[in-house]
Amino acid sequence: MQQHTISVLVNDQPGVLTRVATLFGQRGFNIDSITVGGTEEQGLSRMIISTGGDDRQINQLMKQLHKLIDVISVTNLSENPFVSRELALIKVTASPSQLAELNGIVEPFRAAIVDVGPSSLIVQVTGDTEKIDALLVLLQSYGVIELTRTGSVAMARSIVPVTAAATV
Amino acid sequence: MSVEMAELQKKNGIPPIQFGEEVTGAETLLRCLILEEVEYIFGYPGGAVLPIYDSLYGSYFKHILTRHEQGAIHAADGYARATGKPGVCIATSGPGATNLVTGIATAQMDSVPLVCITGNVAQSLIGTDAFQEANITGITIPITKHSYFVRDIRDLPRIVKEAFHIATTGRPGPVLIDIPKDVANEKAPFTYPDKVEIRGYRASLVPSDKEVQEFVKAVSEAKRPVILAGGGIIAAQAEKELRDFAEKTRIPVINTFMGLGGFPGTHELSLAMPGMHGNYTANQALLNADCVIGLGARFDDRITMGRTKEFAPKARIVHVDIDPAELGKNVDTAVTVAGDVKSTLAKAIPLAKACESEAWISQLKEWKEQYPYKYKKDGDVLKPQAVIELLYNSTDGEAIVTTDVGQHQMWTAQYYKFKHPRSFISSGGLGTMGFGFPAAIGAQIAHPDRTVISVVGDGGFQMTNQELAIVSQYNIPVKVAIVNNQCLGMVRQWQELFYDNRYSQIDLTCSPDFVKLAEAYGVKGLRAHTPEEAEAVWAEALAHDGPVVVDFRVAQEENVYPMVASGNTLDQMELGDD
């Protein structure tokens, strides 16, 4: 099963997220991650949805999404080069004396320690999903107390302009 | 006000609508409905819709007060299916709204245009679990084409305009408008938009010339082609185009269950219905065709049996549908056209030529003669199939027939040869028991001069028979034909065939005396036990100028054949014991 990143432009209305999420459940698809936020145009939101499926399933999913009245356009970003980023905050068991050691671990990831407490600290990291997973593996040995991840935000690279014609 | 709207009001004798006049949300709604040319409203009042019902008092609208909200929405559905115009129903908040759910899902599955208006508690109470509060927009998200919760009276005209547009364009479907009580009471100057602009919504899809050329090319190469004509033919009003196309190309036509009447069942090229209870010829045609042309049909699992790889194994599948999501959804296709079937066929007819299909047509004709629908006659025992034949012969196939769900539904689809579109009204997708009788009320209201027959089982009729009050109150001359085998027939058939005759909970012998029940509502009731009695009482029923309930007591252990058992493929048909 392939992973796909779908960009869905929707009306910024109450209940639209429910409609999209309901459609996934109704049609038997799983949402691996979903992010929603504002766009360049007032009144519209963009959802970035990560999901799995073969080409036929994804094609069907995109068509079903497009049937929702509040959906303006649907684009499968995975068909072309795209940029994807995720933000994670990771709370790790550590004393202030371990700060330098942990700095040494997070720095190559261009992550940062954004809070230090008596027995824990918080690491902030942005990047693609694999990068965050890799950092997480390293931090596991210290003891991860809490983890929160945003899910991917994504955008097609500039060489492939996203136009109405490129969408379902 | 636009010139068109002013002319519309004049034409329909509607009282003039003052634009700019300050009116309540309830009055705004009714004015919008007038401007959408709504004539009938099916509904049931309650606390949250009192402002709307107050505005309805003495108004232009003909309101049908059903005895249950499910009756209201099925009646609105029957009205819509019989006319092609959107059906409108109103229910109050909470239980009133949730009582619409089955009807909304029924309409969604069969692509029926409905506008369902529900009241809700005032916005200040939303989310507090207030008395009779239900999140009906949330509940109905998966079963509506779209739904609205009105937060501001100033949005209401636009929302109503959009709702009718969405319900009736593209692939039709139900739209829900939930109006909280404070919005219904609030006042604002009345306006109504001339146009609908919904970004991202593609209301109609006219296929490109290139798509049509590919379609025609694929069809013309076939030697054993068959058209699978679905409900989309009726929704698109493409009956004439289908007939012209089939006759010009010499391609036989299979009507799906939802497509019955979209191509005359009496036509020499008609192969009638395929699938689980379809006929031998239609199923053999699918198994042996080299090209299956799906026109507004969704390749439902009652036709493919869910065995899509074994379905039409020798055929290239060509699929035309207004809903692009249907293309490639259930079966692999060779050629697809995302477009309105009427405009596709209109464009294709001038380009099309006759296929070399005469040998194929002869073969199909031979099968048709060899394997017609048949049943074993048994002296004085009244067979359910004979009842349907009686209904067909007595009306020359000209009646509008509605059904519930079960054996009687399949026998009706088999033995009543539908000649006209919108003459067969039945819950195909959802399979809703209790649908047939209220749907007949809606159809009869839409067509007061036509014979409307509601064929129901003794099970389904008991789910909505309280609407006998409606046919009595408004003297709606629906003829109810109960195919009464004193059990849940289709369940009994499956228990016999697949559960070793273990008849679990199908006994309906303790049903009311349907004749007395009808009479209790002031409706004529008749009963027949034998073929002879059936002819006599049915003639009496047709001659009666008003509603009639006829209780046909039929053989209990009669099964629907042919049958393809669940899990089997179309080549594994049981033809029955005779």
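Definitions and cut-offs
Residues numbered from 1 in each chain as written. Chains lettered and ligands numbered in written order. Predicted model: local features only at pLDDT ≥ 70, side-chain atom pairs only at ≥ 80, totals over all residues. Heavy atoms only, no water. Helix = DSSP H or I, 4+ residues; strand = E, 2+ residues; numbered from the N terminus. Buried < 20%, exposed > 50% of the residue type's maximum accessible area, 1.4 Å probe, protein only. Contact = heavy atoms within 4.5 Å. Areas by Shrake-Rupley, 256 points an atom, 1.4 Å probe, with all protein chains shown as cover. Lys, Arg positive; Asp, Glu negative; His and termini not counted. Charge placed at Lys NZ, Arg CZ, Asp CG, Glu CD. Patch = residues over 30% accessible without salt bridge, like charges linked within 9 Å, V, L, I, M, F, W, Y side chains within 5 Å. Salt bridge = Lys/Arg side-chain N within 4 Å of Asp/Glu carboxyl O. Buried area = accessible area lost by both parts, 1.4 Å probe. Pairing = 2+ DSSP bridges. Axes fitted to C-alpha atoms, helices over the stretch in contact; angles between N-to-C directions. UniProt positions renumbered as here; feature names shortened; annotations may be inferred. Phe/Tyr/Trp six-rings, centres within 6.5 Å; stacked < 30°, edge-to-face > 60°. Lys NZ or Arg CZ within 6 Å of the ring centre and 35° of its normal.

## What to know about the overall build of chain A
Inference 1: Helices and strands together make up the secondary structure of chain A, namely four helices and nine strands.
Inference 2: Summarising its shape, the C-alpha atoms of chain A cover approximately 55 × 35 × 35 Å along the three principal directions.
Inference 3: When the 168 residues of chain A are sorted by exposure, 43% land in the buried category.
Inference 4: Residue pairs in contact within chain A that sit at least 24 positions apart in sequence constitute 72% of those at least 6 positions apart.
Inference 5: Working note: accessible area of chain A is about 8,700 Å², and carbon and sulfur atoms make up 52% of it.
Inference 6: In chain A, 12 side chains carry a positive charge and 16 a negative one; their mean positions are 6 Å apart.

## Remarks on a negative patch on the surface
Inference 1: A grouping of Asp 380, Glu 532, Glu 533 and Glu 535 of chain B is seen on the molecular surface, where their side chains present a negatively charged patch.
Inference 2: Tracing the backbone through its elements, the reader meets Glu 532 of chain B in helix α24 (residues 531-543).

## A word on the environment of Ile 361 of chain B
Residue and element names in this part refer to chain B.
Inference 1: Within the secondary structure, Ile 361 is located in helix α16 (residues 358-370).
Inference 2: Overall, Ile 361 belongs to the buried group, its relative accessible area being 10%.
Inference 3: A sequence separation of 138 residues divides Ile 361 from Lys 223, and the C-alpha atoms of the two residues are 9.9 Å apart.

## A few points about the interface of chain A and chain B
Inference 1: At the junction of the two partners, chain A supplies 18 residues and chain B supplies 22 residues.
Inference 2: Summed over both sides, the interface between chain A and chain B buries roughly 1,700 Å², with carbon and sulfur atoms accounting for 49% of that surface.
Inference 3: When the buried surface of chain A facing chain B is broken down by residue, Arg 19, Arg 56 and Ile 69 of chain A rank first, second and third, together holding 40% of it.
Inference 4: Along the contact surface separating chain A from chain B lie three salt bridges.

## What to know about the sheet that holds strand β6 (residues 146-149) of chain B
Residues and elements named next belong to chain B.
Inference 1: Read across the sheet, six strands follow the order β3-β2-β4-β5-β7-β6 without closing on themselves; strand pairing throughout is parallel. Of all strands in the sheet, those with a lone pairing partner are β3 (62-65) and β6, marking the two edges. With strand direction ignored, the average angle separating the axes of adjacent strands in the sheet is 20 degrees.
Inference 2: Where strand β4 (residues 87-91) meets strand β5 (residues 114-120), five bridges bridge the pair, whose relative direction is parallel. Paired with Val 88 across the two strands is Val 115, which belongs to β5.
Inference 3: Running over the sheet, helix α4 (residues 69-83) touches β2 (40-43), β4 and β5 and is turned about 170 degrees from β4.
Inference 4: In the packing of helix α8 (residues 156-168) onto the sheet, contacts are made with β4, β5, β6 and β7 (174-180), and the angle to β7 comes to roughly 165 degrees.

## Focus on the pattern of salt bridges
Inference 1: Summed over all chains, the structure comprises 41 salt bridges over all chains.
Inference 2: The salt bridge partner of Asp 133 of chain A is Arg 149 of chain A, with a shortest N-O separation of 2.8 Å. A residue pair is termed long-range when its members are at least 10 positions apart, and Asp 133 of chain A in helix α4 (residues 129-140) and Arg 149 of chain A in strand β8 (residues 144-149) qualify at 16 residues.
Inference 3: Between Arg 316 of chain B and Glu 221 of chain B there is a salt bridge, and its shortest N-O distance comes to 3.7 Å. Of this pair, Arg 316 of chain B sits in strand β13 (residues 316-321) while Glu 221 of chain B is found in the loop between α10 (209-220) and β9 (225-229), placing the two residues 95 residues apart along the sequence.
Inference 4: The class for Arg 316 of chain B is partly exposed, based on a relative accessible area of 40%.
Inference 5: Connected through shared salt-bridge partners, Lys 67 of chain A together with Arg 171, Asp 323, Glu 326 and Lys 329 of chain B make up one network.

## Some words on the UniProt feature "domain: ACT" (unreviewed entry) in chain A
Inference 1: Mapped onto this numbering, the UniProt entry annotates "domain: ACT" (unreviewed entry) at residues 5-79 of chain A.
Inference 2: With 32% helix and 39% strand, residues 5-79 of chain A has end C-alpha atoms that lie 9 Å from one another.

## Structural notes on the packing of aromatic side chains
Two measures describe an aromatic ring pair: the distance that separates the ring centres and the angle between the ring planes.
Residue and element names in this part refer to chain B.
Inference 1: Taken as a whole and judged by the stated rule, the model has 19 aromatic pairs over all chains.
Inference 2: Look at Tyr 392 and Tyr 416: their rings are 5.1 Å apart centre to centre, the planes differ by 80 degrees, and that puts the pair in the edge-to-face class. A residue pair is termed long-range when its members are at least 10 positions apart, and Tyr 392 in helix α17 (residues 384-395) and Tyr 416 in the loop between α18 (407-415) and β16 (424-425) qualify at 24 residues.
Inference 3: A residue is classified by how much of its surface remains accessible, and Tyr 392, at 13% relative accessible area, is buried.
Inference 4: Among the aromatic side chains, those forming a connected cluster through ring pairs are Phe 257, Tyr 392, Tyr 416, Phe 418 and Phe 424.
Inference 5: Above the plane of the ring of Phe 190 lies Arg 31, whose end atom (NZ or CZ) is 5.4 Å from the centre.

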